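# Chain and residue survey
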Amino acid sequence: MYSTSGYEDKLPGIDVFVCTADPILEPPSLVINTVLSVMSYNYPPHKLSIYLSDDGGSELTFYALFEASIFSRHWIPFSKKYNVEPRSPQVYFSHKIDIHNSSFIQEWTNLKQLYEDMKSRIDSVVAMGYVPKEIKEQHKGFSEWSSNITKQDHQSIVQILIEGWNPESTDIKGNRLPTLVYLAREKRPGWPHNFKAGSMNSLIRVSSEISNAPFILNVDCDMYSNDPDVILDALCFFLDKTRGPQIPYVQHPQLYNNTMKNDVYANVNYAVNQIELAGLDGFGVALYIGTGCFHRRESLSGKKYTTDHRIECQIVKDNIKGRSVQELEEAAKVLANCSYEKGTLWGKEMGLVYGCLIEDIVTGLSIQCRGWKPVYYHPSKAAFQGAAPINLDISLIQFKKWSEGMFQIFLSKYCIYLLWPMLALPTLCYVILPSLFLLYDVPLFPEVSSLWFVPFAYVFIAKTGYALVEELILRNSLRGWWNLQRMVLIRRSTAYLFTLIDTISKLLGLSETAFVLTAKAVDDEAQKRYMRGLIEFGSTSMVMFIIATLALLNLFSLGFGIKKVLFSTPEALHKLGPQLIICGAIVLLNLPVYDALFFRKDKGSMPFSVTFKSVGITSISLLLLAF
């Protein structure tokens, strides 16, 4: 644990950005836990400002933040007094405590009750869908919402709930509180909003009008801070006299707190976090991945790095002095208007770059092109943790977004080799062709007894063995590696395939880029199935139809191939052996699919309509091929 005693006035200001977009998919009670975790950092409160960007423009989210601003007066002094971790109340109170100090237990019990009461009020208001009149009377900010406001059509809303620069803004112990600001940028029909990139750029401008800190931390609404000293860790990089001035951002890995040991959806990304991103950092080209990242404000303003570049972090323009809260709010609203960016370099050379689904990576690349050298930092203690998808549909939607964004970067001026969608083609060839030709008794590979079979066997064994050893070294389990192979197969044959189709459609002008928000809300029954290691197949989407059909095709072909080998000459095994191995491996990977198709009775099983269609289509196709 660091000590800032005696150095508080020398430390730079920090602005923290939390982004949310929908009170249904991203429950306000989840959002405020992230907000409270970053409000509780071991950092001088008057140097800390937290901004919540609500792209849903919802009074429900504003109400939750209002409740959090009140609760923070109790939570922050408690968390710092006892140095509790993590500082997300929801996560902290879900853990068992093993402390027998009577005064601590009393405070803990009282605070937990305060938290549960607050959460209950928030959840009740969200369930009603509106904020009652008696609550609206408690804060002037609620007057911003009228009956004609919608998610896609509303004015800019800026509300300062806690004035961190005011010595009178204190917690219950008399200690200063950090600044807390709510922002809903203006949205009007016909104006481009540019998704999260547009939200981040509005935050950059609005924060520059209020706190204007030289360093910025941005986190997703479901990524709570797990380390109260993470700001000081980041400053060790930025303030380093040798390399510090050239560092534009310090990126932490995206980690989760709800993954199971064997990680049935392969969310953890062991190799990506510990090898690939770390390897890029070794070359000074660390990627910006959108959350858990500390930025130097100047690098986001379009400035180029020069060798004589030096920054005095304490010399920051004071925009607050002599201005009232209302004046600050009105001045900030202008910066969040739809028309503000028209005719400017915002979204091109300033702020986050527009036009790509993964605006974070392309923004990081553009910053590096201006001479900056970022850092990827993966400490032993996770700095941020979030909620991984526990639903197959949501997991695949996320990977579709990532793969489409990466393909867009490949086709852009940056032209980095990020061809995830193209992997759909060879994967489908290996999933479909060996099984079909097995039905026709046509070999696709050299006979097992031939020397020409050796290169094929070597590549398969070497690649599989290397991947397995790599995952085990990175502390994944054998079952976790096997689940990863299944998810790779499913992602490539569905999410990547649709990405490839959508990208070609966009290139031909047949469709436009769309951003799909993934749900952060968790169903209790789905959570229980996830804890048991069961995959959620309970959707009637085309994705489930493809998964089921490909699994059945290989199952039927494997059965036919085994019959052929058992009741034919010994040469049949030499001739069809490689195809039997491929079909057998695919069948083994798809055992959970067969379970969901024919045996499971819960809501996570494959819907009857999907089972009926996939069985029917596969059976008819095989009968037609037989003739």
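Shown above is the structure to which this text applies.
Residue positions are given per chain, counting from 1 as you read along its sequence in written order. In keeping with the predicted nature of the model, local features appear solely for residues at pLDDT of at least 70, side-chain atom pairs appear and are counted solely at 80 or more, and the whole-chain, interface and lining totals rest on all residues. Hydrogens are left out, water is left out, and the side-chain values use all remaining heavy atoms of the structure.

What follows concerns the overall build of the chain. Per the convention used, a helix needs a DSSP run of H or I reaching at least four residues, while a strand needs a run of E reaching at least two, with both numbered from the N terminus. Assigned secondary structure in the chain consists of 21 helices and ten strands. In terms of overall dimensions, the chain is globule-like: its C-alpha atoms have a radius of gyration of 27 Å, near the 25 Å expected for 627 residues. Taken along the three principal axes of its C-alpha coordinates, the chain extends 95 × 55 × 55 Å. With a 1.4 Å probe rolled over the protein chains alone, any residue whose accessible area is under 20% of its type maximum counts as buried; one over 50% counts as exposed, and the rest are partly exposed. Out of the 627 residues in the chain, the part that is buried amounts to 54%. By sequence separation, contacts in the chain at least 24 residues apart represent 81% of the contacts at least 6 residues apart. Here the accessible surface of atoms and residues is derived via Shrake-Rupley with a 1.4 Å probe, and residues count as covered only by protein chains that are part of the display. Working note: accessible area of the chain is about 28,800 Å², and carbon and sulfur atoms make up 60% of it. All radius of gyration figures rest on C-alpha atoms, and the globule criterion is 2.2 Å times the number of residues raised to 0.38. For this analysis, residues touch if any pair of their heavy atoms sits within 4.5 Å.

The side chains of a regular strand alternate between both faces of the sheet. The buried fraction of strand β2 (residues 48-54) is high, at seven of seven residues. Here β2 shows two buried faces, one formed by Leu48, Ile50, Leu52 and Asp54 and the other by Ser49, Tyr51 and Ser53. Pairing between two strands is assigned when DSSP locates at least 2 bridges connecting them. As paired strands, strand β1 (residues 14-20) and β2 are joined by seven bridges and run parallel to one another. Bridge pairing in β2 places isoleucine 14 opposite leucine 48. A crossover counts as right-handed when, viewed with the strands pointing away from the observer, the path leading from the first strand over the helix to the second turns clockwise. Between the parallel pair β1 and β2, the chain is carried across by helix α1 (residues 28-39), and the sense of this crossover is right-handed. Relative to strand β4 (residues 179-184), β2 runs parallel, the two being bridged by five bridges. By the bridge assignment for β4, leucine 52 is matched with tyrosine 182.

Attention now goes to a nonpolar patch on the surface. Patches were defined on residues exceeding 30% relative accessible area and lacking a salt bridge, with like-charge contacts within 9 Å and nonpolar side-chain contacts (Val, Leu, Ile, Met, Phe, Trp, Tyr) within 5 Å. Salt bridges are defined as contacts in which a side-chain nitrogen from Lys or Arg sits within 4 Å of a carboxyl oxygen from Asp or Glu. Together, Leu433, Phe437, Tyr440, Val442 and Leu444 make up an exposed nonpolar region whose accessible area comes to about 400 Å². Mapped onto the secondary structure, tyrosine 440 falls in the loop between α13 (424-439) and α14 (453-473). With relative accessibility at 46%, the residue tyrosine 440 sits in the partly exposed group.

A separate point is the packing of aromatic side chains. Note on aromatic pairs: the rings of Phe, Tyr and Trp (six-membered ring only in Trp) are paired at centre separations within 6.5 Å, and the planes decide the class, stacked below 30 degrees, edge-to-face beyond 60, tilted for the rest. The tally for this structure, following the rule as stated, stands at 31 aromatic pairs. Ring centres 5.9 Å apart and planes at 55° place the aromatic pair phenylalanine 71 and tyrosine 115 in the tilted group. You can see phenylalanine 71 sitting in helix α2 (residues 59-81) and its partner tyrosine 115 sitting in helix α4 (residues 102-128), a full 44 residues away along the chain. Look at phenylalanine 71 and you get buried, because its relative accessible area is 4%. Their ring planes at 55° and their centres at 5.2 Å tell us that phenylalanine 78 and tyrosine 82 sit as a pair that is tilted. With relative accessibility at 25%, the residue tyrosine 82 sits in the partly exposed group. Three or more aromatic residues joined by ring pairs make a cluster, and in this case those are Phe71, Trp75, Phe78, Tyr82, Tyr92, Phe93, Phe104, Trp108 and Tyr115. By definition here, charges over rings are those cases where NZ of Lys or CZ of Arg is within 6 Å of the ring centre and within 35 degrees of the ring normal. The positively charged end of arginine 205 is found above the aromatic ring belonging to tryptophan 346, 4.8 Å away from the centroid. Above the plane of the ring of phenylalanine 399 lies arginine 491, whose end atom (NZ or CZ) is 3.7 Å from the centre.

Moving on: the pattern of salt bridges. A complete count under the given rule lists 26 salt bridges for this structure. Among the salt bridges present, the one from arginine 297 reaches aspartate 15, with a minimum N-O distance of 2.6 Å. On the criterion of sequence distance, the pair formed by arginine 297 in helix α9 (residues 297-300) and aspartate 15 in strand β1 is long-range, its members being 282 residues apart. Between aspartate 123 and lysine 119 there is a salt bridge, with the nearest N and O atoms lying 2.9 Å from each other. On the criterion of helical spacing, the pair formed by aspartate 123 and lysine 119 is a turn pair, its members being four residues apart in helix α4. Residue classification places lysine 119 among the partly exposed positions, given a relative accessible area of 26%. Overlapping salt bridges bring together Asp55, Arg185 and Lys187 as one network.

Next up on the list: the state of the cysteines. Two cysteine sulfur atoms make up a disulfide if the distance between them is within 2.5 Å. Using the criterion set out here, one finds zero disulfides in the structure. A disulfide-free cysteine, cysteine 19 has its sulfur positioned 8.5 Å from the sulfur of cysteine 221, the nearest such atom. Residue class for cysteine 19 comes out buried when judged on its relative accessible area of 10%. Accessibility expressed as a relative area gives 1% for cysteine 221, which makes it buried.

Let us now look at the packing of α1 against α2. With their axes 9 Å apart at the nearest point, α1 and α2 run at an angle of 40° to one another. Classified by the interaxial angle, the pair formed by α1 and α2 is oblique. Here α1 and α2 pass one another in a crossing that is right-handed. Residue-level inspection shows Pro28, Ile32, Val35, Leu36 and Met39 of α1 in contact with α2, the latter providing Leu60, Thr61, Ala64, Leu65, Ala68, Phe71, Ser72, Trp75 and Ile76. Each residue is assigned to one class: nonpolar for Ala, Val, Leu, Ile, Met, Phe, Trp, Tyr, Cys and Pro, charged for Asp, Glu, Lys and Arg, and polar for all the others, Gly among them. Looking at the contact of α1 with α2 residue by residue, the class counts come to twelve nonpolar, two polar and no charged. Between N-to-C directions, angles span 0 to 180 degrees; the directions come from axes that are lines fitted to C-alpha atoms, helices contributing only their stretch in contact. Just so you know how the angles are binned, under 35 degrees is roughly parallel, over 145 roughly antiparallel, 65 to 115 roughly perpendicular, and the rest oblique. What makes a crossing left-handed is the near helix being turned counterclockwise from the far one by less than a right angle; a clockwise turn instead makes it right-handed.

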